[in-house]
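The chain contents come next:
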Amino acid sequence: MNAGPLSQEAVEKALTALHRRGFLQLAGAVAATTLFPSGCGAVPSELVPPSERVPFVLSERGYATFQAFSMSLVGPALAREIRTRALDPASAADAWVARQPALARTLGQGLVVLEWGVWPLLAKWRPFTALGDAERERVLARLAVSRIELLRDLYRGLKSLATLAVYTDPAARRVLGHPGPFVAEGIALAMQPLPVRSRVGGGDASGSHE
Amino acid sequence: MTPGDESLRADAIVVGTGAGGGPAATALAEAGLDVLVLESGARHETRDFDGEPATMLPRLMKATTVPDSGMELYAGACVGGSTVVNDALCWRPPPEVLARWRDEYGLRGLEDSDFSRYADAVWQQVHATPTGPGDLSRNARLLERGAQRLGWVGEAMARNVRGCAHLGLCNLGCPTGAKQSALLTWVPRAERAGARVQPRTRVERVLVEAGRVRGVEARRLDAATGQAGDLLRWESPLVVLAAGVLETPALLLRSGIPAGAGLQFHSSVSVTARFPERVYGFYGPTMSYAVTEFSDVHGRQGPGFMLENVTVAPMTTAASLPGFGPALEHAMAALPHLARTVVVLRDETRGRLTIDRQGTAVVSYAPVPHDLERLRLAIRQLARLYLAAGAEEVWLPIEGLAPIRREAELGGLDRVALTPRDFTLLYAVHLFGGANMSATPQTGACDEFGRVWGVRGLYVSDASCLPSNTGANPQITIMANALRIADGSALASGPRRASRRRHSSVSS
């Protein structure tokens, strides 16, 4: 597989070709694969798909890009879970994609843009997977509020897919303090009356912390 | 089964098994008709519902996104339709809305008293029950507390449940069978009356000859792959479409019948707040309390939105929070202390559904400025409410806005030049129209009895035939209207069949 970077022209073409309806469907239905196959040369090993989990539809590069995006999205604690493979959002996303192949092309295009797009399109000069944590966060910060609708769509679409892939995983629930479904003590607490509090707004003043 | 097989004929075909299809199939079967019910989704039973979103979402739901606004639309995709994945909320048909349908849309037959008769039957059938204090979760009570401190009107909403276990899984397929969805009510009742339900069968087209319906063409969907099989032809002189707003208009269009205009939704965004006490908002009824202060139905004259508490499920909570990285982590780390409420806006926007070259639905829906401003107002009021209830931090569903800790910080919300894409998650689960009932063929797809203009024997009975949104969770209204239409279509199906009526769906 080709491991070399795509030209800026090719990336812009991918962005232009990004089929808006298809990509937006991604944000809701969530799925896809890539038409821009490329290998994982120079990609940090923590982002490379493990040998026992060959993606169904994502390319190796697409897998790595999605994994990197997810780590940046969810913050350090859950990123550590991804790094140790306790969570594998790219594999989960890949499984969703496999169920909805009509959207595969769109996601692939989106991941190509994120991985290979450089300034002024995206706030970086190197592949997304090659960036440090702070640099990746800068890219996401620009994407989230970009004046270019398609770039905001890219952020929203990937965020939808990543939140789906991460936060539906029981491993994430443990980190978040969610006891899991069917836990009687938790259900009982949720249905208890609220503690009485003595003042309105701005936190507790009645010693009612549990 | 091959073409020509006797079972490929029926007195009536109902397409869809949700709030529009379930009651229709029941009424027709109980009227003595041989009813075939075709459903594109799979049939999952209560025992299959494991409470895990990763397995339940792809089995039970479908979603699409509106190209021109980025709005996300969700619907059920299984036997029982959206009633399997809704939040079990029950509101009677708002009299103001029925009046508007009569006065503005010329649907003279939609009398409140007549509609009430059907709503009563539905209320009983789905076991709609008042929600008492013991069924209000902390998540709901925080909404109630904030409303009370601000002097706003609110109420616990009726729910169609029997013996709710408060698992917080209403919208993932209730694992205890407490929620009385169509899967547990209308569909079995229709089957007891002889209806044959065929899941995983996608109707491609309605067959029309010389202005009369002749049946449908459909394909079976492979259980493992979802691949469509050979085209099958089912024949029937009576076809009732209830495939949902994302499919019924598309099915009409694929059949060469005008449809798709007049889409209208309840737009939704949610506000999340952190409290010092544990809320455990991921448990308890997924929704149960509504602030009706700003509603414009059921006697209220507000700007037209309701505020309803909603489950703090990790995925949907994360998707609705602004920000990423450490900011998102900070919010999600407080998950046990979070409360969340959704805005249910009675949109003024109208959209349109068309089909692409493959015959797939394409929705166009661009929220008008007035709707965006009312969403802004709703978000502001919700933030105020949560602060009044004692929230330490409130997250607004707009990308780029920092969480607020006091009302004075709401200025950032006012400064945003709001577009649909500024919301973290703008979505709708209450979809209406696309095959509207109307007074004339020029203004809608069917008449006030659901009869498709120009095609005898073809009816629409789901939310796509409703002329507007309802301003309240609509399942009871949809079911009541479906019963009303099915009663009419059963009577219209001929004296031989009418004489076989065993008992009325309304009286049972």
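One can find the structure itself at the top, above this paragraph.
The structure contained in this document is the topic of the report that follows. (Residues numbered from 1 in each chain as written. Chains lettered and ligands numbered in written order. Predicted model: local features only at pLDDT ≥ 70, side-chain atom pairs only at ≥ 80, totals over all residues. Heavy atoms only, no water.)

## What about the overall build of chain B?
On a plain count of helices and strands, chain B comes out with 13 helices and 23 strands. Out of the 508 residues belonging to chain B, those deemed buried represent 66%. When contacts within chain B are restricted to residue pairs at least 6 apart in sequence, long-range pairs at least 24 apart make up 73% of them. Carbon and sulfur atoms provide 50% of the accessible area of chain B, an area that totals close to 16,300 Å². (Helix = DSSP H or I, 4+ residues; strand = E, 2+ residues; numbered from the N terminus. Buried < 20%, exposed > 50% of the residue type's maximum accessible area, 1.4 Å probe, protein only. Contact = heavy atoms within 4.5 Å. Areas by Shrake-Rupley, 256 points an atom, 1.4 Å probe, with all protein chains shown as cover.)

## A short note on the environment of Thr 84 of chain A
Residue and element names in this part refer to chain A. Within the secondary structure layout, Thr 84 lies in the loop between helix 4 (76-83) and helix 5 (89-99). The class of Thr 84 is exposed, set by a relative accessible area of 57%. Thr 84 sits 38 residues away from Glu 46 along the chain, and the two C-alpha atoms are 7.9 Å apart.

## Remarks on the interface of chain A and chain B
Opposite the 60 residues of chain A that make contact, chain B presents 73 residues. At the boundary of chain A and chain B, one finds 5 salt bridges. The interface formed by chain A and chain B contains 17 residue pairs in polar contact (both at pLDDT 80 or more). Top element by residues in the side of chain A that touches chain B is helix 8 (residues 149-167) of chain A. It accounts for 10 residues. Its residues placed into classes, the side of chain A that touches chain B shows 30 nonpolar, 16 polar and 14 charged. (Salt bridge = Lys/Arg side-chain N within 4 Å of Asp/Glu carboxyl O. Polar contact = N/O pair within 3.5 Å; in protein donor to acceptor, adjacent residues only side chain to side chain. Nonpolar A, V, L, I, M, F, W, Y, C, P; charged D, E, K, R; others polar.)

## Let's talk about the pairing of strand 15 (residues 270-274) of chain B
All names here are of chain B. Here strand 15 lies mainly inside the structure; 5 of its 5 residues are buried. Of the two faces of strand 15, both are covered, the one formed by Ser 270, Thr 272 and Arg 274 as well as the one formed by Val 271 and Ala 273. Note: strand 15 against strand 18 (residues 338-346), 5 bridges, orientation antiparallel. Within strand 18, the residue paired with Arg 274 across the bridge is Leu 338. As paired strands, strand 15 and strand 21 (residues 393-395) are joined by 3 bridges and run antiparallel to one another. (Pairing = 2+ DSSP bridges.)

## Things to note about the sheet that holds strand 9 (residues 196-198) of chain B
What links the strands of a sheet is backbone hydrogen bonding, and the strands pair in either a parallel or an antiparallel sense. Residues and elements named next belong to chain B. In space, the 5 strands of this open sheet follow the order 9-2-1-13-23, with parallel pairing throughout. The open sheet has two edge strands, strand 9 and strand 23 (458-460), and neither has a second partner. The average undirected angle you get between the axes of adjacent strands in this sheet is 20°. For strand 13 (residues 239-241) and strand 23, the ladder comprises 3 bridges, and the chain directions are parallel. By the bridge assignment, Leu 241 is partnered in strand 23 with Val 460. (Axes fitted to C-alpha atoms, helices over the stretch in contact; angles between N-to-C directions.)

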